[in-house]
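A look at the structure
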Amino acid sequence: MRLSSRQYINEGDVKPRDFKVGDLFVYKNGETALVLEIFDRYEGKSKYGPEWTLRLLWTPGKGGDTLYREADGNERHGVLSLNMFNRLSVKSGPWLHPIKKRLR
């Protein structure tokens, strides 16, 4: 058995096309955002197709810093998956530490 990873941490890593429950975003100030749920914001009723949204559990960074939670987070509606994809950056973060999946 081997472990596969969709990490986005180092130069040469490819941004993942989708996220999974358990994926962890880590920001340069130490804040983290754990993916708890992935859902369609419009519950299949949008004429443009699903708008995949992430429900995130945030932990503060160094010294209780919540800068990125305030900028990227949305407690009420969740965060669009596309927005988190666009924010990923190898140089400045956030970095993606994905949940590991066992392959047979």
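Scroll up to find the structure this text is about.
Residues numbered from 1 in each chain as written. Predicted model: local features only at pLDDT ≥ 70, side-chain atom pairs only at ≥ 80, totals over all residues. Heavy atoms only, no water.

Observations regarding the sheet that holds strand β3 (residues 32-40)
Read across the open sheet, the five strands follow the order β5-β4-β3-β2-β6; overall the sheet is antiparallel. In this open sheet, the two strands that pair with only one neighbour each are β5 (79-80) and β6 (95-97). As paired elements, strand β2 (residues 24-26) and β6 share three bridges and run antiparallel to each other. Within β6, the position partnered with valine 26 by the bridge is tryptophan 95. (Pairing = 2+ DSSP bridges. Helix = DSSP H or I, 4+ residues; strand = E, 2+ residues; numbered from the N terminus.)

So, the pattern of salt bridges
Inspection of every chain in the model, using the stated rule, returns four salt bridges. A salt bridge links arginine 69 to glutamate 75; the nearest nitrogen and oxygen atoms lie 3.0 Å apart. Among the residues examined, glutamate 75 registers a relative accessible area of 52% and is labelled exposed. Taking the shortest distance from any N to any O, the salt bridge between arginine 87 and aspartate 72 comes out at 2.6 Å. (Salt bridge = Lys/Arg side-chain N within 4 Å of Asp/Glu carboxyl O. Buried < 20%, exposed > 50% of the residue type's maximum accessible area, 1.4 Å probe, protein only.)

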